[in-house]
Amino acid sequence: MSSAGMSIYALAVSTPSFLSVPRNLTYPRKPTQRQQHPLKIEPKSRIEQMLTTNPIQTVQNFRPVVISGPSGTGKSTLLKRLFAEYPDKFGFSVSHTTRSPRTGEIDGRDYNFVTRESFQSLITANGFIEHAQFGSNLYGTSVAAIKSVAEQERICILDIEMEGVKQVKGREDLNARFVFLAPPSMEELERRLRGRNTETEDSLQQRLAQARNELAFSQTPGAHDKIVVNDDLEQAYGELKEFIVDGGESRWWN
Ligand code: ADP
Ligand code: 5GP
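What counts and how
- Here the residue numbers are simple positions, counted from 1 along each chain's written sequence.
- Here chains are named by letter from A upward and ligands by number from 1 upward, in the order in which they appear as written.
- Where local features are concerned, this predicted model is filtered to residues with pLDDT of at least 70; where side-chain atom pairs are given and counted, the filter is 80 or more; whole-chain, interface and lining totals use all residues.
- The side-chain values count all of the structure's non-hydrogen atoms but skip hydrogen atoms and water molecules.
- Whether a residue is near a molecule or strand depends on its heavy atoms: if one lies within 4 Å, it is near.
- Whenever two N or O atoms come within 3.5 Å, that pair is a polar contact, provided that in protein one can donate a hydrogen and the other can accept it, and provided that, for residues adjacent in sequence, both atoms are side-chain atoms.
- Segments assigned H or I by DSSP are reported as helices when at least four residues long, segments assigned E as strands when at least two residues long, and all are numbered from the N terminus.
- Gly counts as polar in this scheme, as do all residues outside two lists: the nonpolar Ala, Val, Leu, Ile, Met, Phe, Trp, Tyr, Cys and Pro, and the charged Asp, Glu, Lys and Arg.
- For the purposes of this section, nonpolar cores are sets of buried Ala, Val, Leu, Ile, Met, Phe, Trp, Tyr and Cys residues that join through side-chain atoms within 4.5 Å.
- Residue exposure (1.4 Å probe, protein chains only): buried if accessible area is under 20% of the type maximum, exposed if over 50%, otherwise partly exposed.
- Throughout, a contact is declared for two residues whenever any of their heavy atoms are within 4.5 Å.
- Each Phe, Tyr or Trp ring (for Trp, its six-membered ring) is paired with any other whose centre lies within 6.5 Å, and the angle between the two planes then decides the class: stacked below 30 degrees, edge-to-face above 60, tilted in between.
- Charge-over-ring contacts are defined here by two conditions on Lys NZ or Arg CZ: a distance within 6 Å of the ring centre and an angle within 35 degrees of the ring normal.
- Here, a strand pair is defined by DSSP locating no fewer than two bridges between the strands.
- Between N-to-C directions, angles cover 0 to 180 degrees, with each direction set by a line fitted to C-alpha atoms, over the stretch in contact for helices.
- Computed by Shrake-Rupley with a 1.4 Å probe, the accessible areas treat only the displayed protein chains as cover when residues are assessed.
- By definition in this entry, angles of less than 35 degrees are roughly parallel, angles greater than 145 are roughly antiparallel, angles of 65 to 115 are roughly perpendicular, and the rest are oblique.
- Left-handed describes a crossing whose near helix is turned anticlockwise from the far helix by less than a right angle; the clockwise case is right-handed.

**Thoughts on the site of ligand 1**
Next up, step 1: Neighbouring ligand 1 are 13 residues, the closest being Gly 72, Lys 75, Ser 76, Thr 77 and Arg 196.
Next up, step 2: In this structure, an oxygen atom belonging to ligand 1 sits 2.9 Å away from a main-chain N or O atom of Gly 74.
Next up, step 3: In this structure, a nitrogen atom belonging to ligand 1 sits 3.0 Å away from a main-chain N or O atom of Asp 231.
Next up, step 4: When residues of the shell around ligand 1 are traced back to their parent elements, those giving at least two are helix 5 (75–85) and helix 9 (186–196).
Next up, step 5: Counting residues per element, the shell around ligand 1 draws most heavily on helix 5, at three residues.
Next up, step 6: Taken together, the residues that form the shell around ligand 1 break down as two nonpolar, seven polar and four charged.

Written as structure tokens, this is what we have:
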């Protein structure tokens, strides 16, 4: 990658002002002796109360993290590591999709694999927080998916593409944080996508074209709170972890 290109990705995008100002939300109280770590949860009774009254409110208090980036960059690889290291802290928002399962993917764990008809019905029923077409398939985050994470009292992680990111950014009530995972270069991205062996030539070309749009969007000021380049896996994991785990600390008790 050219040094000019690298410098763009090396720059963490500054936090947009609307994210840095506490919104009209009920945050957890200031830490007490008993409650010092940012990832520690609220007392049970309060959580239960919030879940009963407003699951979205609970999601806000656990500030969802949205990870996006071109297909093949390594989002799933890095998230798997994060979930393995923090089995109780984070919950994956299991999306709906109309695409077919890949080898090894499990319905209800990796995605809810549905027909186009049932996806459309859920749109009509206002069942999605966000949804978008990617390539020839539909993808969406259901209200039920993030509610299910909130009920486990975990921080919700969403792995979604650019149009979904824009929709979640518009939902300030979700109080989300945004991290973009960039490939070291388009050549390496193509190599990883081909190496994964999940795409036809057609869908691979669609994904590469979409990658260019995602990379252009990532350079829009304020599009993301943090950009991590996934070149060396260890380093990328360290940076991602710092943002997701420790990056929440300073804001947690705002
Ligand atoms: P995404 O979820 O973003 O579509 P994946 O996690 O499926 O991407 O990764 C795509 C491919 O790239 C996988 O085969 C994965 O093993 C590989 N990969 C991920 N990160 C790296 C890295 N830092 N260096 C080399 N290969 C990587
Ligand atoms: P894949 O088919 O490789 O699993 O995913 C293709 C793209 O769809 C990825 O960029 C992934 O982040 C995105 N995606 C997965 N789930 C959702 C979702 O619920 N909403 C949106 N908007 N994009 C999603």
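Moving on from the coordinates now.
**Brief notes about the nonpolar core**
Next up, step 1: In terms of nonpolar packing, the biggest core is built from 19 residues, with Val 65, Leu 82, Phe 90, Ile 157, Val 179 and Ile 244 touching the most fellow members.
Next up, step 2: Residue assignment for this core shows that the elements contributing at least two residues are strand 1 (65–68), helix 5, strand 7 (155–159), strand 8 (177–182) and helix 11 (233–246).
Next up, step 3: Looking at which element gives the most residues to this core, the answer is helix 11, with six residues.
Next up, step 4: Aside from chain neighbours lying at most four places away, what touches Ile 157 is Val 65, Ile 67, Leu 79, Leu 82, Phe 83, Phe 90, Gly 91, Phe 92, Ser 93 and Ile 244.
Next up, step 5: Counting residues in each nonpolar core, the second largest holds 15 residues, with Ile 146, Leu 158, Val 165 and Val 168 among its members.

**A closer look at the environment of Val 229**
Next up, step 1: Structurally, the position occupied by Val 229 is in strand 9 (residues 226–229).
Next up, step 2: Its relative accessible area of 14% is what places Val 229 among the buried residues.
Next up, step 3: Here the alpha-carbon distance between Val 229 and Gly 69, two residues 160 residues apart in the chain, equals 9.9 Å.

**Thoughts on the packing of aromatic side chains**
Next up, step 1: Tallying each qualifying case throughout the model produces six aromatic pairs.
Next up, step 2: With a centroid separation of 6.0 Å and 85° between ring planes, the pair formed by Phe 134 and Tyr 139 is classed as edge-to-face.
Next up, step 3: Its relative accessible area of 13% is what places Phe 134 among the buried residues.
Next up, step 4: Exposure remark for Tyr 139: the relative accessible area of 12% places this residue in the buried category.
Next up, step 5: A cation sits over an aromatic face here: Arg 81 above Tyr 237, 4.3 Å from the ring centre.

**Regarding the sheet that holds strand 6 (residues 137–142)**
Next up, step 1: If you trace the four strands from one edge of the open sheet to the other, you get 4-3-6-5, paired in mixed fashion. Of all strands in the sheet, those with a lone pairing partner are strand 4 (112–113) and strand 5 (128–134), marking the two edges.
Next up, step 2: Alignment of strand 3 (residues 96–97) against strand 4, held across two bridges, turns out to be parallel. If you follow Thr 97 over to strand 4, its bridge partner there is Phe 113.
Next up, step 3: Sheet strands in contact with helix 6 (residues 116–124) are strand 3, strand 5 and strand 6, and its direction is about 40° off that of strand 6.

**With respect to the site of ligand 2**
Next up, step 1: Taken together, the neighbourhood of ligand 2 is formed by 17 residues, with Ser 95, Arg 99, Tyr 111, Tyr 139 and Asp 159 sitting nearest.
Next up, step 2: Measuring from an oxygen atom of ligand 2, one finds a side-chain N or O atom of Asp 159 at 2.6 Å.
Next up, step 3: Its free accessible area being 510 Å², ligand 2 has 96% of it covered by the protein chains.
Next up, step 4: Looking at the shell around ligand 2, the elements that each hand over two or more residues are strand 5 and strand 6.
Next up, step 5: For the shell around ligand 2, the residue count by class is five nonpolar, five polar and seven charged.

**Re the packing of helix 5 against helix 11**
Next up, step 1: Look at helix 5 against helix 11: their axes get within 10 Å of each other, and the N-to-C directions meet at 60°. Accordingly, the angle class assigned to the pair helix 5 and helix 11 is oblique. In terms of crossing hand, the pair formed by helix 5 and helix 11 is right-handed. Taken together, the residues of helix 11 that come into contact with helix 5 (itself represented by Thr 77, Leu 78, Arg 81, Leu 82 and Glu 85) are Leu 233, Glu 234, Ala 236, Tyr 237, Leu 240, Lys 241, Ile 244 and Val 245.
Next up, step 2: Across the contact of helix 5 with helix 11, the residue classes tally to eight nonpolar, one polar and four charged.

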